[in-house]
Amino acid sequence: MLATISSVLSTLSFGTICLVLVGVVLGIAVGSIPGLTATMAVAVLTSFTFGMESGSAIAMLLGIFVGGVYGGSISAILMKIPGTSSAVMTALDGYPMSCRGEGGKAIGISTVSSFFGGIVSCIFLILGCSAIARIAAKFTYPEYFVIAVFGLCVIANASADSLLKGLLGAIIGVFITTIGMDNLTGIPRFTFGSQNLMSGIGMVPALIGLFGVSEIMNQLFTIDSEKKQQQKIDRIFPGWEVLGKLKGVLLRCSIIGTIIGALPGAGGPIAAFVAYNSEKSNSKHPEKFGTGIPEGIAAPECANNATVGGALIPMLALGVPGDAVTAIILGAFAIHGIRLGPMIFQETPEVVYSVYVYTIIANIFMIIIGLLAARWFAKLINTDKKILMPLILMACVIGSYASSNKVFDIYVMVIFGILGFFMDKVGISTSALILGQVLGALAETNFRSALTMSQGNYAIFFRPIPCVFWALTIAMVVVPKTRKVIKTRKSNKSKKEEAE
Amino acid sequence: MKKRFFQFVGIAAAAVMMMAGCGNDSGEKAAAAEKDAQQKEAPDNDAQSEDGSSDYPGKKIEVIIPQGVGTGSDLIARVLTSVMEKDLGVPFVCTNVEGGSTSIGLQQMADSEADGYTIAMNMTNLATLQALGYSELSREDVEAICSVNFDGASLFIKKGEERFTNLPELVEYAKAHPGELSWGTGQAGGMWHMAILKFCSVAGIEVNVVPNAGGGVGLGLTLANGDIDVAVSCPVDCIAQLDSGDIEFIASLTAERQESYPDVPTAKESGWDCEVYSTRGFVAPKGTPKDVIAVLEKAFKNAVDSEEYKEYVTSQNTNMIWRGADEYTEWLKEEVDTYVPILEEAGLAK
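Per chain, the residues get numbers from 1 upward, laid out in the order the sequence is written. In the order they appear in the text, chains get letters beginning with A and ligands get numbers beginning with 1. Residue-level local features of this predicted model are given only where pLDDT is at least 70; pairs of side-chain atoms are given and counted only at 80 or more, and the full residue set underlies all totals for whole chains, interfaces and linings.

- For chain B, an unreviewed UniProt entry supplies the name Tripartite-type tricarboxylate transporter, receptor component TctC and the organism Lactonifactor longoviformis DSM 17459.
- UniProt positions are given in the numbering used here, feature names are shortened, and annotations may be inferred rather than shown by experiment. Its UniProt record gives chain B the following Sequence similarities (unreviewed entry) comment, quoted word for word: "Belongs to the UPF0065 (bug) family."

- As recorded in an unreviewed UniProt entry, chain A goes by the name Putative tricarboxylic transport membrane protein, listed as coming from Lactonifactor longoviformis DSM 17459.

What follows is the structure, encoded as structure tokens:
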């Protein structure tokens, strides 16, 4: 134990701690700009770490990762434009709050929840890394297919008020994933001979279009009539009373986030979506979700930051990236001659400890900077909309281009902007579309790969782990409905009794 | 309403200008190239270096990497260019343009000005783009600079496999149980997919090919879990499981044994003549001046000889090679001659 502590301390120095801070600040800055994602922040800034020695590079990269995932929520709350796909759900309750002038409070809740999620996932990372990784390693095609089905059922469940509109959004999303080169055979689908469509529709430009551009178009029609809502910025820290109420939400969502984060290939958007909807369907007042309540921010934010610690688990213990960001970090480690994987715990445990320590430090910096900067961010949107909107549009254009270095993606952004505008007008859920896009590819590829692997035998979808998920899926669809039925029956009964 | 309309037009105009700003890159390059050409024509001897070549390079060089950040190709390009920056004294900007089995990035390079300020990393995939119907691009559209690295196709089985422990046993088993074994690999139509097809035709066996067997967790884990029976890839793709001993490297489809794994026999040693490589190199747009290519070739040679590169290659258990511009041009042709017939035979060619 002493050896462990001393080796942890030996990795710390003033310089590396400063680098974590720099990383967190850069990550928040990049993450909060619509269109620039945590993945991009890590990708761009990775090249700066090539010249550093490995400890410093790890410190900075983890700082960027933590900051970037958190930063996405700021623009989601203030402008309804999620900085990253993980923050899509945050916009649902964050933006109504900021419209009421409570932007500062909303960022405060998001910051504290993110911190909580981050720290809980770190605890899981430290205590259960190898155990969780062993389970995560068992997840292959059939397991992922069932998870995707589970996710799609979450959409159906979430849009209980208008099942048809929710599913319509998801189906459009699923359809979009079929555009491009087929993963299994390499055959181009729905590309109409266009070279640009070969790689499919990018997630980032679609996201920016659906949320950013469509919101700008919306604002155009209200810009003159809207009464200016000054942001109240007196109180950023949510206060212990609010946090006390949220503690159940935070704990559940951290666990959801860590588990989903640990499954390679699932990631932030799914975690946030599942967390939001499980809170909504278990809530005593589900109808309030979406109107700007603290739970609606805490749930997705806590879950998406918990995926950071979760995603580090397979990266460290299996040498397999948990998501796009950890894939890049894995590459950066390789440049520094560090090979991650099961052997690292014996061969270079100090690398593992430094990952633990820097992730915790990064989370601490995140909450400090988040709370300090919230005031400033909230003030920022007091800027005249006629100045702010064109600036945001420019950020959207740059973000779309930067996501892939293709001009084509700017057109994709514009088209999705128009699509998003009309979807909003008729009430089809755009967040369901994004989730459909995430899950569509997951479902299709894994379904087909599983069948190729089993040579056409469907029994492969009923191995132990998929069976657990089938059970969860059925429970999730059936339980709230039966609860509703029982409730109405009870109330009918009591009414009858009253009448008698 | 009218006012609002004008506002919208204004913003739309701003957006279009932004797009133009992004897209105008090649236009700028054209202007710069013209300027360069004028400078070259000018009888100003000071601008020419001692060995008589032009003043190339005079500004940043863009390197298009047709694969994602953090991939093997990306890292190799970044290690090399970081050395070349010091050598040539100009910045190298690495841009990742993914998709279409490397064709999208290469197309962007091919569409750029042939002045040596835009080059791209190239992989063996180029040989198969046309045959697979992914793109019209071929080796005719590029000017080879050099080739720097290769990975050899490698066969892996899981630890504790009882049915076979080496290649001859594996082939024997596959012959006795045609179509039973699942052989997993990476991208459909990629080099390792091709390696399976070629080996099966050489050895006369029939197997169930599972492309994209990486799935979420990577090829090595899929094999270690027992979901596939054999994995065909290169060592670096499964390095974590190889290190931990969860999977075993039983045969290398290369002419000689791989440097990092001297104990692993080649298929040739067991009597099956099958070699498949994925080679990485650098190319420039067609028509790039010979002297510019020569400057780049020399700089790449210095970078390949550097300690940094050697260290990286050893740490990743991949392989170093050096083929200059002429040799690489030949090699690109050879690749087409080798792999297109395999695709045709397998019915994958368009």
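The rest of the description comes next.
### A few points about the overall build of chain B
Now for step 1: Each helix is a run of H or I in the DSSP string that is no shorter than four residues. Each strand is a run of E no shorter than two, and both are numbered from the N terminus. The number of helices and strands found in chain B is 12 helices and 10 strands.
Now for step 2: By residue count, 50% of the 350 residues in chain B fall in the buried class.
Now for step 3: By definition, residue pairs are in contact when their C-beta atoms, positioned from the backbone, come within 7 Å. Of the contacts formed within chain B by residues at least 6 apart in sequence, a portion of 75% connects residues at least 24 apart. Counting other C-beta atoms within 10 Å of a residue's C-beta gives its exposure: the residue is buried at 20 or more, exposed at 12 or fewer, and partly exposed in between, where C-beta atoms are placed from the backbone.

### Some words on the pairing of strand E9 (residues 277-285) of chain B
Within a regular strand, the side chains alternate between the two sheet faces.
Residue and element names in this part refer to chain B.
Now for step 1: Here E9 lies mainly inside the structure; nine of its nine residues are buried.
Now for step 2: DSSP calls a pair of strands paired once it identifies at least 2 bridges connecting them. Direction of pairing for strand E3 (residues 118-123) relative to E9: antiparallel, over a ladder of four bridges. Across the sheet, the residue bridging to Ala120 is Val283, located in E9.
Now for step 3: Across nine bridges, strand E4 (residues 142-158) lies against E9 in antiparallel orientation. If you follow Cys146 over to E9, its bridge partner there is Phe282.

### As for the nonpolar core
Now for step 1: Only buried residues count toward a nonpolar core: Ala, Val, Leu, Ile, Met, Phe, Trp, Tyr and Cys, linked into one set through C-beta atoms within 7 Å. Residues Val20, Val42 and Phe65 of chain A together with Ile145 of chain B are the most contacted members of the largest nonpolar core, which totals 262 residues.
Now for step 2: Setting aside residues up to four positions removed in sequence, Val42 of chain A forms contacts with Leu61, Ile64, Phe65, Gly68, Val325, Ile328 and Ile329 of chain A.

### Digging into the domain arrangement of chain B
Residue and element names in this part refer to chain B.
Now for step 1: Where each domain begins and ends is defined by an automated method or by a domain database. Domain boundaries assigned for chain B yield domain 1 (8-30 + 48-150 + 279-346) and domain 2 (152-277).
Now for step 2: Across the contact, 15 residues belong to domain 1 and 15 residues belong to domain 2.
Now for step 3: Residue contributions to the side of domain 1 that touches domain 2 peak at four residues, all from helix H12 (residues 325-346).
Now for step 4: Charged means Asp, Glu, Lys or Arg here, nonpolar means Ala, Val, Leu, Ile, Met, Phe, Trp, Tyr, Cys or Pro, and polar covers whatever is left, Gly included. The residue makeup of the side of domain 1 that touches domain 2, split by class, is five nonpolar, nine polar and one charged.

### Some points on the interface of chain B and chain A
One frequent convention defines the size of an interface as the accessible area lost when the parts assemble.
Now for step 1: Listed by partner, the interface residues are 55 residues for chain B and 53 residues for chain A.
Now for step 2: Elements that contribute at least two residues to the side of chain B that touches chain A include exactly helix H1 (2-23), helix H3 (72-88), strand E2 (92-96), helix H4 (103-110), strand E6 (208-210), helix H8 (219-224), helix H9 (239-244) and helix H11 (307-315) of chain B.
Now for step 3: Among the elements that line the side of chain B that touches chain A, the one with the most residues is H1 of chain B, at 10 residues.
Now for step 4: Residue composition of the side of chain B that touches chain A, grouped by class: 23 nonpolar, 25 polar and seven charged.

### Remarks on unusual backbone geometry
Now for step 1: Geometrically, the link from Tyr56 of chain B to Pro57 of chain B is a cis peptide bond, its omega value of -5 degrees lying close to zero.
Now for step 2: Along the chain, the position of Pro57 of chain B falls in the loop between helix H2 (25-41) and strand E1 (61-65).
Now for step 3: Positive phi values are uncommon outside glycine, yet Lys80 of chain A reaches one of about 65 degrees.
Now for step 4: Note that Lys80 of chain A resides in the loop between helix H4 (54-79) and helix H5 (88-99).
Now for step 5: Look at Gln455 of chain A: it is not a glycine, yet its phi comes out positive at around 55 degrees.
Now for step 6: Relative to the assigned elements, Gln455 of chain A resides in the loop between helix H18 (430-453) and helix H19 (464-499).
Now for step 7: What makes Gln455 of chain A exposed here is the crowd of 12 C-beta atoms within 10 Å.

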